[in-house]
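# Structural overview
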Amino acid sequence: LDKHIVHMDLPLGVHLQVMRWANHLNVRITMTPREGGQDGSCGNFNGNMADDSTEAIKSRIGQRVAPADLLFNVPAQVGPGGQHIT
């Protein structure tokens, strides 16, 4: 399958790689540890993978990202057969 890869270097040492396939996306987020600590989708960089589960992260930082902090705050609308509705 043909795919296209987009690389984005974002502030604070965050690298986003988006792999666009014919009918889906894969996203890979990598970053360096932040001084003073961090927590979230990339884990908490304490070397313990057991506490990086979705449940463990939610127990530390809450259930959801605040609506004001969302990058993509408009829900996707998909119709029958996967057609995009605009």
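Attention here is on the structure that accompanies the text. Note that the coordinates shown come from a computational prediction; the quantities given were computed from them, not determined experimentally. (Residues numbered from 1 in each chain as written. Predicted model: local features only at pLDDT ≥ 70, side-chain atom pairs only at ≥ 80, totals over all residues. Heavy atoms only, no water.)

In spatial order, the strands read β1-β2-β3; together these three strands make up an open sheet with antiparallel pairing. On the outer flanks of this sheet lie β1 (4–10) and β3 (25–30), each paired with one strand and no other. Averaged over all neighbouring strand pairs, the angle between strand axes comes to 15°, with direction disregarded. By the bridge criterion, six bridges tie strand β2 (residues 14–20) to β3 in an arrangement that is antiparallel. In the strand pairing of β3, arginine 20 is matched with leucine 25. (Pairing = 2+ DSSP bridges. Helix = DSSP H or I, 4+ residues; strand = E, 2+ residues; numbered from the N terminus. Axes fitted to C-alpha atoms, helices over the stretch in contact; angles between N-to-C directions.)

Our next topic: the pattern of salt bridges. Tallied over the entire structure, the rule returns one salt bridge. Residue aspartate 39 is joined to arginine 60 by a salt bridge in which the shortest nitrogen-to-oxygen separation is 2.4 Å. Taken together, the residues aspartate 39 in the loop between β3 and α1 (54–61) and arginine 60 in helix α1 connect sequence positions 21 residues apart. Among the residues examined, aspartate 39 registers a relative accessible area of 29% and is labelled partly exposed. (Salt bridge = Lys/Arg side-chain N within 4 Å of Asp/Glu carboxyl O. Buried < 20%, exposed > 50% of the residue type's maximum accessible area, 1.4 Å probe, protein only.)

With that settled, the discussion passes to a nonpolar patch on the surface. Judged by side-chain polarity, Leu25, Val27 and Ile29 come together as a nonpolar surface patch covering roughly 280 Å² of accessible area. For leucine 25, the position within the fold is in strand β3. (Patch = residues over 30% accessible without salt bridge, like charges linked within 9 Å, V, L, I, M, F, W, Y side chains within 5 Å. Areas by Shrake-Rupley, 256 points an atom, 1.4 Å probe, with all protein chains shown as cover.)

Here we take up the environment of glycine 62. Within the fold, glycine 62 resides in the segment after α1. Given a relative accessible area of 32%, glycine 62 falls into the partly exposed group. Taking the C-alpha atoms as reference points, glycine 62 and glycine 40, separated by 22 residues in sequence, lie 10.0 Å from one another.

This part takes up the environment of arginine 60. Under the relative-accessibility criterion, arginine 60 is labelled partly exposed at 34%. Placed 20 residues apart in sequence, arginine 60 and glycine 40 show a C-alpha to C-alpha distance of 9.0 Å. Among all residues touching arginine 60, those that are not within four sequence positions of it are Asp39, Asn44, Asp51 and Asp52. Separated by 2.4 Å, the side chains of arginine 60 and aspartate 39 make a polar contact. (Contact = heavy atoms within 4.5 Å. Polar contact = N/O pair within 3.5 Å; in protein donor to acceptor, adjacent residues only side chain to side chain.)

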